[in-house]
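Residue-level listing of the chains:
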Amino acid sequence: MNGKTTMALVALALLLGGWLVVTERRDEVRVAGSAGTVSFRRLDPREVISVEILRSNVAIRLERTNSSWFLRSPMRYPVQSTGVERLLEGLGNLVPRSHVSGAEVAAQRGALASFGLERPDVLTIRTREGMSILRLGSRTPLGSQVYFQQVGQDGVFTTEASLLEALPASPEDWRDRRLFDADSLAFDRVQVLGETEFEAALTTNGTWGLIRPLLARANDDQIRRLLTDAADSRVTAFVTDAPSVSADDYGLAKPTAQMVLKRGTNEVLRLQWGRGSTNAPGEIFVRRSDYGNIVRTTNSILESLKRPLAAYRDRRLMPSIAGLQRLEVRAGNEPFTLEKSGTNWWVTAPRRFQADGPWVRETFQRFMRLRIEDFLDDLGADTARYGLDQPGREYAFYVGATNGAPSLLTRLSLGSPIGDGRRISLRRSDEAAIYGIAAGDLQTLPVSSSQFRDWSLNPSNVVRIEIRQQGRTRILNRTVAGRWDGVASVQGVMPDPAIDEGLYRLGQAPIGRFPVPNDAALKQFAFDQLDHALILTQKEGASFQKLHLRFGGRNAVNQFVWAAFDSGEPAILTQFPLSLYQEYIGPWFSAPPTTPNAATP
């Protein structure tokens, strides 16, 4: 045997010896007493499979199932594991402080009775290797420790009195106070019965959908919150575990509300809420079907169970538009199409031009924010009643398909105003129901291709600026050399850079693009009062030939602007930052009165 092999064997022996020492030290301890030291074998909490506690002639028996604990006696019921784990932790850390030999115990007057062990609490712990029984007596004279025996071992030990404090006074102490444990139940349907009745099922994508009294999208968040609130309802008292009680006594013959959890069509758990408790105001009797017991909880969950069906329906109007490739709009006199090419969006009909990417994304967000205010007709049979036989507007959304041709995701058809005009009827092509949305939401939806034009201006492409202001007209032309004619510096500022900077900022300025309201509504924006307009003309080959701008009133930070591109395109209403008008448009794009010796800016 060579030296390396010898060293390896020695090292292995040392490791094994160390492991045995640690194991021995973990499993057994030596306890000093007047008659010498004795060994005490400690418990490994991880190996415990059942615990039985006998106190005051009541036997409490618990079993471990997988990683959870379950009460088996005196009734079957789930356990809140905190108490059991606390006891096992205490047993695992149990180190006796002293030992009294059997001879010394016998010599005491009253023998075991002197230690409170004549009628002790008995703790039986079963592990995978065997069983350990502890008999717990009274506290020591100073009260900080307790006497106990380990069956099969001579004498009496003492240990910390916290062991007694970890024991339950009654089975109720360790019973699970949740109404039920949703995580441990395999269910994929929930049914609510009572004042409000519906049934929902989990869909293939893991969200909840209504299946009764109608097939419809459900508010997934509300269904989950209902289940969570019901499961987390705290049991304030375990009223009775008797299998045969008078249901009338608790108002359960005709329950106020019921919740049924199902796996397919098989019932997993039924919860029944009865009448309120006369002895505990604000609390209500509840029975669960799996154990047949009746408990008392607060009645707060009843409000959720009684909410109308509409509260559990999905009020989001739009489906997810991930992968959207095309939007077709029919609103007004000129339908148009918006399509994605690569990473950019283009208006492709009735004329082609590049769309403003940020505004396209903002528009889609506006569609996604649309909310259903009213569920008008779930069957959707009478479309004429809601003006949907001839919709006033339609928006068709197409997503990418595997064969390369976009496929229709859904089409929104908008009908007529409802009632006082605060609602507009609407329908999705992939759903039968007719909904109502807020009429004000119409102002956020596009009606013309002009709303999507990319406003970006290359100042060098602008060759003419026509200014109209308070009945005066002024025209600026760009010379062949690229300079602006007829302008001079103002307070030392050169005109050409200032004008070009103003043009650049005009192309970046629009804040929102909305349809122009009718003439009566347009007056509120004070365009006639300011009477200031620009016509920008670009050279051939630019994305648009002319841009017409009219400046109106203002709010705290923005100025209203009427805008129209090349002739024939619908006008839009937008806003510019107020600072743009004050710093550039006012000084450099104005037509001031002509006065003698006045410098023309």
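Here, every reference points to the structure presented above.
Notes on the structure in this doc start here. (Residues numbered from 1 in each chain as written. Predicted model: local features only at pLDDT ≥ 70, side-chain atom pairs only at ≥ 80, totals over all residues. Heavy atoms only, no water.)

### Digging into the overall build of the protein chain
Turning to step 1, where the next piece is worked out: Regarding its fold elements, the protein chain presents 11 helices and 36 strands.
Turning to step 2, where the next piece is worked out: For the protein chain, the C-alpha radius of gyration of 41 Å lies well beyond 25 Å, the compact-globule estimate for 601 residues.
Turning to step 3, where the next piece is worked out: Every one of the 601 residues in the protein chain was classed for burial, and the buried ones make up 43%.
Turning to step 4, where the next piece is worked out: A total of about 30500 Å² of accessible surface is found on the protein chain, and carbon and sulfur atoms cover 49% of it.
Turning to step 5, where the next piece is worked out: Taken as two groups, the 72 positive and 66 negative side-chain charges of the protein chain have centres that lie 1 Å from each other. (Helix = DSSP H or I, 4+ residues; strand = E, 2+ residues; numbered from the N terminus. Rg over C-alpha atoms; globule rule 2.2 N^0.38 Å. Buried < 20%, exposed > 50% of the residue type's maximum accessible area, 1.4 Å probe, protein only. Areas by Shrake-Rupley, 256 points an atom, 1.4 Å probe, with all protein chains shown as cover. Lys, Arg positive; Asp, Glu negative; His and termini not counted. Charge placed at Lys NZ, Arg CZ, Asp CG, Glu CD.)

### Focus: the side chain of Lys262
Turning to step 1, where the next piece is worked out: Within the secondary structure, Lys262 sits in strand β17 (residues 257-263).
Turning to step 2, where the next piece is worked out: We classify Lys262 as buried; its relative accessible area is 14%.
Turning to step 3, where the next piece is worked out: At 3.4 Å, the side chain of Lys262 and the side chain of Glu199 are in polar contact.
Turning to step 4, where the next piece is worked out: Discounting residues that sit within four places of it in the chain, Lys262 has contacts with Phe187, Asp188, Arg189, Gln191, Glu199, Glu267 and Val268. (Polar contact = N/O pair within 3.5 Å; in protein donor to acceptor, adjacent residues only side chain to side chain. Contact = heavy atoms within 4.5 Å.)

### Quick look at the packing of helix α8 (residues 495-508) against helix α11 (residues 578-588)
Turning to step 1, where the next piece is worked out: Contact geometry of α8 with α11 gives a least axis separation of 10 Å together with a crossing angle of 130°. Relative to α11, the element α8 lies oblique. In the crossing of α8 with α11, the sense of the turn from one axis to the other is left-handed. Taking contact as the criterion, the partners of Pro495, Ala498, Ile499, Glu501, Gly502, Arg505 and Leu506 in α8 are, on α11, Leu580, Glu583, Tyr584, Ile585 and Trp588.
Turning to step 2, where the next piece is worked out: Per-class residue counts for the contact of α8 with α11 are eight nonpolar, one polar and three charged. (Axes fitted to C-alpha atoms, helices over the stretch in contact; angles between N-to-C directions. Parallel < 35°, antiparallel > 145°, perpendicular 65-115°, else oblique. Left-handed = near helix turned anticlockwise from the far one by under 90°. Nonpolar A, V, L, I, M, F, W, Y, C, P; charged D, E, K, R; others polar.)

### So, the sheet that holds strand β15 (residues 216-217)
Within a sheet, adjacent strands bond to each other through the backbone by hydrogen bonds, running parallel or antiparallel.
Turning to step 1, where the next piece is worked out: Strand order across the open sheet formed by nine strands is β15-β14-β13-β12-β17-β18-β19-β20-β16, with antiparallel pairing between neighbours. Edge positions in the open sheet fall to β15 and β16 (235-240), since each of these has one partner strand only. (Pairing = 2+ DSSP bridges.)

### What to know about the pattern of salt bridges
Turning to step 1, where the next piece is worked out: Counting across every chain of the model gives 42 salt bridges.
Turning to step 2, where the next piece is worked out: Arg217 is the salt-bridge partner of Glu431, the closest N and O atoms lying 2.5 Å from each other. Here Glu431 is found in the loop between β28 (423-428) and β29 (434-438), whereas its partner Arg217 is found in strand β15, with 214 residues between them in sequence.
Turning to step 3, where the next piece is worked out: Here Glu431 falls in the buried class, since its relative accessible area comes to 17%.
Turning to step 4, where the next piece is worked out: By relative accessible area, Arg217 is classed as partly exposed at 22%.
Turning to step 5, where the next piece is worked out: Counted as one network, the salt bridges with shared partners bring together Arg217, Asp314, Arg316, Arg428, Asp430 and Glu431. (Salt bridge = Lys/Arg side-chain N within 4 Å of Asp/Glu carboxyl O.)

### Topic: the side chain of Arg478
Turning to step 1, where the next piece is worked out: Relative to the elements of secondary structure, Arg478 occurs in the loop between β31 (472-477) and α8.
Turning to step 2, where the next piece is worked out: At 2.8 Å, the side chain of Arg478 and the backbone oxygen of Val462 are in polar contact.
Turning to step 3, where the next piece is worked out: Of the polar contacts made by the side chain of Arg478, one reaches the backbone oxygen of Gly482; its length is 2.9 Å.
Turning to step 4, where the next piece is worked out: Contact partners of Arg478, with chain neighbours within four places excluded, come to Pro459, Ser460, Val462, Val463, Arg483, Trp484, Asp500 and Leu503.

### Comments concerning the sheet that holds strand β23 (residues 344-349)
Turning to step 1, where the next piece is worked out: Taken together, nine strands build an open sheet; the order of strands is β24-β23-β22-β21-β26-β27-β28-β29-β25 and the sheet is antiparallel. Two strands in the sheet have a free side with no partner beyond their single neighbour: β24 (353-354) and β25 (374-377).
Turning to step 2, where the next piece is worked out: By the bridge criterion, five bridges tie strand β22 (residues 336-341) to β23 in an arrangement that is antiparallel. Counted as the bridge partner of Glu339 is Trp346 from β23.
Turning to step 3, where the next piece is worked out: On the sheet, helix α7 (residues 357-368) packs against β21 (324-331), β22, β23, β26 (393-399) and β27 (407-418) and is oriented at approximately 75° with respect to β21.

### Regarding the pairing of β22
Turning to step 1, where the next piece is worked out: Pairing between β21 and β22: four bridges, direction antiparallel. Across the sheet, the residue bridging to Arg326 is Glu339, located in β22.
Turning to step 2, where the next piece is worked out: With antiparallel pairing between neighbouring strands as the criterion, β21 and β22 make up a hairpin whose turn holds four residues, including Gly332 at a positive phi of roughly 95°.
Turning to step 3, where the next piece is worked out: The turn linking β22 back onto β23 is made up of two residues, and Gly342 within it adopts a positive phi angle of 70°.

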